[in-house]
Amino acid sequence: MAVVFQGIGATAALTSATSVDSKKLYILSRRLVSETKSTFMVVRSDGRLNSGSNRRAQKLITNAVATKADSSPATKPGHELLLFEALREGLEEEMERDARVCVMGEDVGHYGGSYKVTKDLANKYGDLRVLDTPIAENSFTGMAIGAAMTGLRPIVEGMNMGFLLLAFNQISNNCGMLHYTSGGQFTIPVVIRGPGGVGRQLGAEHSQRLESYFQSIPGIQMVACSTPYNAKGLMKAAIRSENPVILFEHVLLYNLKERIPDEEYILNLEEAEMVRPGEHITILTYSRMRYHVMQAAKTLVNKGYDPEVIDIRSLKPFDLHTIGNSVKKTHRVLIVEECMRTGGIGASLTAAINEYFHDYLDAPVVCLSSQDVPTPYAGTLEEWTVVQPTQIVTAVEQLCR
Amino acid sequence: MSAAATKIIQPLPLNSTTTNRSPHKALFNPLKATPISSFPASTRKLRLTKPNSPHARRRSTSIFAVSDVVQEKKPTSNTFFPNLLITKEEGLELYEDMILGRSFEDMCAQMYYRGKMFGFVHLYNGQEAVSAGFIKLLKNEDCVVSTYRDHVHALSKGVPARAVMSELFGKTTGCCRGQGGSMHMFSKEHNVLGGFAFIGEGIPVATGAAFTSKYRREVLKEGDCDHVTLAFFGDGTCNNGQFFECLNMAALWKLPIVFVVENNLWAIGMSHLRATSDPEIWKKGPAFGIPGVHVDGMDVLKVREVAKEAITRARRGEGPTLVECETYRFRGHSLADPDELRDASEKAHYAARDPITALKKYMVENNLASEAELKVIEKKIDEVVEEAVEFADSSPLPGRSQLLENVFADPRGFGIGPDGKYRCEDPKFTEGTAHV
């Protein structure tokens, strides 16, 4: 039950000036756990522990963990782990279950993955099943596609999502299209995953958000994970899916800690996640921005607003049912994303909402995205390219006037 | 197939001398880099040496090296003709395959100009020896990956002519339900993995298929899995990154794959010599630790001999081979290509080396078959091709309902619609009019 609590603490660290240190994040999270007596306390922005908002805080936390459609909270207490460990757990369970599941990528084997998602798997499963590839993204992605066509279920790891730009040829032409151009003869059950997004001063080329580039490719599905719970569930679902799935992870979220159920669970690839139900406004977000939104939500709640926060999770296709129900209830939509302004996921989502739910909107859809700027190295500039909680608060206040 | 007579040696270390160290009669020595043969379009004179010349053995390129094999080869089961490369049955099979390829492609041209098929159609006339020479040695479980010039590869692998013709006509009875077209011939039943429009795109896919074969043997413990993959591509592709990346990976992991370069000297209007710093493609294999072989791609028997060794090597787990087949396309790059750049004398030179006439001559001269028997085959193939056209003509066009099928293997990938139901459950989805 501590996820949102951790999340809030985490975003406090994320948004503080320039020091976004993942280790610090972890330490901060741990400290918050040890200092509190119960998990039902919300640390206010001014440091006070507010018991008055406990009821809402309780509601806040209970609903943040799982949506209705997901499995009910575990009967056993579950176990705590970090997001990258959750990914590994999901991966390992699937590899154990099906011998055709294999991993390919740079440094996934002996090195254990640049973010340790595949740590120790090569020792357990061998060098062929956890394959260290040479630095040839286009070709090893194509190789994974060929292997998938002939019966295996490969998972391709891009060391950084940006590197998959080199594999665009294979992802667009082959991964997405071959099922169709072969008249349905060959399936390509491949999972392409990797960390993307703006990190901590990683520079422009390592801070790319590829979801906007891939979203037009017909025949693929895209999902973005944001918590250890949904990371494991989406990983497993993606591996079991017969469709090619691109799983977007975020560099800054790998050290998020959460308690997840012991029993096996798989999430639905096409569904969105209700993070916080509300009445006044629908905030749609995904990946790291979920935490900025939740941070802003804290402030908004204290100001008397009641935002409904939905983590869309499925970037392609959109879960228009969950989103639609929310729009019909609140009549106002704010999209908060880390993608670029031009042609990003938010742009598509705005178009989709306007098309389907225009009658239910009381105000135009507002989309907060990153600036159309190559991510600068300087910490201050980098902070201003992505959406910050204060901007979210301002946008909500304006929308709800 | 006995592999004892031919042996492809591993390339020698880089600092070796140029003498031939191997005790075996080398099929070729890739490091002995004195190019003898020359491409007709180059400034070097074409040196023609009689195949039976004793000097042929020492040649570094194997245009004539295969003839060494001819002399060394153990007698075949054909006891009357101990020096022949093929039996009568094999010969007829090869002949039939090549005639099928030729007739089919000629019919394609006719149909194209009659408006039965559209788009980019790339014909294989003149290169049949490569397809027949390699693919006829494969089992059904072996995979073939090709480029846009893939009709004949699909036919050689066993895809019925009527399925290919229907596909070209865009009918629903085509091998890809009309959704692929000329450049995307796929067949799961016959393990034809495409058909790719961008050059070089298929090579990683072929590498993946070979990887699966190795994976099945070593991880899934299917000990008898020795499936081989053939990747066919052209000279233009050999300047593409994917080619080199896959040579590296295939050599690194000793994948059971044969890289077959159909060097027809032209990439649309770009001569191979104008595009490539070192035009001898077979030499690029040893740079990755792969044996590189150059063979006369207009001679199906020579191609077959080299193919036998390369495929057997792959089956034994010894890794990939790079085979460069010098061949030629008699028609333009595609049916839309006016083919103005190529020299008439070059075309005439290769027309004189038509693989079909060469095989016919070989079989008749060696009394493997009579002219009459070969005519019977030609007539049979004529009927097959005509029947294919009739079948394709009379097949239905795809209906609207086919539009949205097959985009996803799991159609839930279209997502959840505003009403809460999966879009694929919408009745309009099956009609092909749903909004997705």
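It should be emphasised that the depicted structure is a prediction, and the values quoted were computed from it without experimental measurement. Throughout this document, residue positions are counted from 1 along each chain, in the order its sequence is written. Going through the entries in the order they are written, you letter the chains from A and number the ligands from 1. Restriction of local features to residues with pLDDT of at least 70 applies here, the model being predicted, together with a cutoff of 80 or more for giving and counting side-chain atom pairs; totals for whole chains, interfaces and linings are based on all residues. Heavy atoms from the whole structure form the basis of all side-chain values; hydrogens and water molecules are not counted.

Quick look at the sheet that holds strand β10 (residues 281–285) of chain A now. All names here are of chain A. Strand order in the open sheet made by the 5 strands is β9-β11-β10-β13-β14, with mixed pairing throughout. Taken across any chain shown, the strands that pair with only one partner, and hence form the sheet edges, are β9 (273–276) and β14 (366–370). Across the sheet, the mean angle separating the axes of adjacent strands is 25 degrees when strand polarity is ignored. Any two strands with at least two DSSP-identified bridges between them are counted as paired. A helix here means a DSSP run of H or I that spans at least four residues, while a strand means a run of E at least two residues long, and both kinds are numbered starting from the N terminus. Bridging between strand β13 (residues 333–340) and β14 involves 4 bridges; their strand directions are parallel. Paired with Met 340 across the two strands is Ser 370, which belongs to β14. Lines fitted to C-alpha atoms define the axes, with helix axes restricted to the stretch in contact, and inter-axis angles between N-to-C directions lie between 0 and 180 degrees.

Cysteine sulfur pairs qualify as disulfides if the two atoms are within 2.5 Å. All chains considered together, the criterion is met by 0 disulfides over all chains. Unpaired in this structure, Cys 246 of chain B has its nearest cysteine sulfur neighbour in Cys 238 of chain B, at a distance of 12 Å. Exposed residues in this analysis have more than 50% of their type's maximum accessible area, buried residues have under 20%, and partly exposed residues fall in between, with area computed by a 1.4 Å probe over protein chains only. You can call Cys 246 of chain B buried: its relative accessible area is 0%. The thiol of Cys 424 of chain B is not disulfide-bonded; the next cysteine sulfur, from Cys 175 of chain A, is found 19 Å away.

Let us now look at the interface of chain A and chain B. Should any heavy atoms of two residues lie within 4.5 Å, those residues are counted as being in contact. Opposite the 52 residues of chain A that make contact, chain B presents 54 residues. Summed over both partners, the accessible area lost on bringing two parts together, with a 1.4 Å probe, is the buried area. Together chain A and chain B conceal approximately 4,400 Å² of surface at their shared face, both sides included; 64% is due to carbon and sulfur atoms. Take a side-chain nitrogen of Lys or Arg and a carboxyl oxygen of Asp or Glu: if they are within 4 Å of each other, that pair is a salt bridge. In this assembly, chain A and chain B are joined by 0 salt bridges. For the purposes of these results, a polar contact is taken to be a pair of N or O atoms within 3.5 Å, where, inside protein, one atom must be able to donate a hydrogen and its partner to accept one; residues adjacent in sequence count only when each atom of the pair is a side-chain atom. Here chain A is connected to chain B by 25 residue pairs in polar contact (both at pLDDT 80 or more). Those elements giving two or more residues to the side of chain A that touches chain B turn out to be β2 (101–105), β3 (130–132), α6 (137–149), α7 (168–175), α8 (178–181), α12 (320–330) and α13 (345–357) of chain A.

Here the limits of each domain have been adopted from an automatic or database domain assignment. According to the domain assignment, chain B consists of domain 1 (88–394) and domain 2 (399–435). One C-alpha centre belongs to domain 1 of chain B, the other to domain 2 of chain B, and the line joining them spans 37 Å.

Moving on, we get to the UniProt feature "domain: Transketolase-like pyrimidine-binding" (unreviewed entry) in chain A. UniProt positions are given in the numbering used here, feature names are shortened, and annotations may be inferred rather than shown by experiment. UniProt's entry tags residues 81–256 of chain A with the feature "domain: Transketolase-like pyrimidine-binding" (unreviewed entry), counted in the numbering of this structure. Helix makes up 35% of residues 81–256 of chain A and strand 18%. Its end C-alpha atoms lie 8 Å apart.

With that out of the way, let us pick up the side chain of Thr 321 of chain B. All names here are of chain B. Along the polypeptide, Thr 321 turns up in strand β9 (residues 321–326). Residue classification places Thr 321 among the buried residues on the basis of a relative accessible area of 0%. Of note is the side chain of Thr 321, whose polar atom sits 3.2 Å from the side chain of Arg 313.

This part takes up the nonpolar core. Judged by nonpolar contacts, the single largest core of 128 residues is most densely connected at Phe 214 and Ile 353 of chain A together with Met 165, Phe 211 and Phe 259 of chain B. With 11 residues, the single largest contributor to this core is helix α2 (residues 88–113) of chain B. Aside from chain neighbours lying at most four places away, what touches Met 165 of chain B is Phe 104, Met 107, Met 117, Ala 388, Val 389 and Ala 392 of chain B. To form a nonpolar core, buried Ala, Val, Leu, Ile, Met, Phe, Trp, Tyr and Cys residues must be joined to one another through side-chain atoms within 4.5 Å. Membership of the second largest hydrophobic core comes to 37 residues, among which are Tyr 125, Val 130, Leu 256 and Tyr 291 of chain A.

This next bit is on α2 of chain B. In this scheme, a helix's expected span is set at 1.5 Å multiplied by one less than its residue total. Between its first and last C-alpha, α2 of chain B extends 38 Å over 26 residues, near the 38 Å set by a 1.5 Å rise per residue. After α2 of chain B finishes, the residue Gly 115 of chain B shows a positive phi value of roughly 80 degrees.

Moving on: helix α7 (residues 241–252) of chain B. All names here are of chain B. The end-to-end C-alpha separation of α7 is 17 Å, in line with the 16 Å expected for 12 residues at 1.5 Å each. All buried positions along α7 are accounted for by Gln 242, Phe 243, Cys 246, Leu 247, Met 249, Ala 250 and Ala 251. A distance of 3.0 Å separates the backbone nitrogen of Gln 242 from a side-chain oxygen at the start of α7, and that oxygen is part of Asn 240. Taken from the residues just after α7, Lys 254 is the one with a positive phi, measuring 50 degrees.

Turning to the sheet that holds β2 of chain A, a few remarks are in order. All names here are of chain A. Spatially, 7 strands are ordered β3-β2-β4-β5-β7-β6-β12 in an open sheet, and the strand pairing comes out mixed. Looking along the sheet, the strands with just one partner apiece sit at the ends: β3 and β12 (314–316). Strand-to-strand twist in this sheet, taken as the mean axis angle between neighbours without regard to direction, amounts to 20 degrees. The pairing of β2 with strand β4 (residues 153–157) spans 5 bridges and is parallel. Looking at β4, one finds that Cys 102 is bridged to Pro 154.

Turning our attention to the UniProt feature "domain: Dehydrogenase E1 component" (unreviewed entry) in chain B. According to UniProt, the feature "domain: Dehydrogenase E1 component" (unreviewed entry) maps to residues 97–398 of chain B in the numbering used here. Along residues 97–398 of chain B one finds 44% helix and 12% strand; the C-alpha atoms at either end are 30 Å apart.

Before going further, it helps to examine the pairing of β14 of chain A. Burial within β14 of chain A is extensive, with 4 of its 5 residues counted as buried. Read from β13 of chain A through α13 of chain A to β14 of chain A, the crossover connection turns out right-handed. Seen with its strands pointing away from the viewer, a crossover is right-handed if its path from the first strand over the helix to the second goes clockwise.

All names here are of chain A. Within this structure, the stated rule accounts for 51 salt bridges over all chains. In this structure, Lys 236 and Glu 93 form a salt bridge, with 2.5 Å as the shortest nitrogen-oxygen distance. Placement of Lys 236 in helix α10 (residues 228–240) and of Glu 93 in helix α4 (residues 83–97) is noted, with a sequence separation of 143 residues between them. Owing to a relative accessible area of 0%, Lys 236 belongs among the buried residues under this scheme. Under the relative-accessibility criterion, Glu 93 is labelled partly exposed at 26%.

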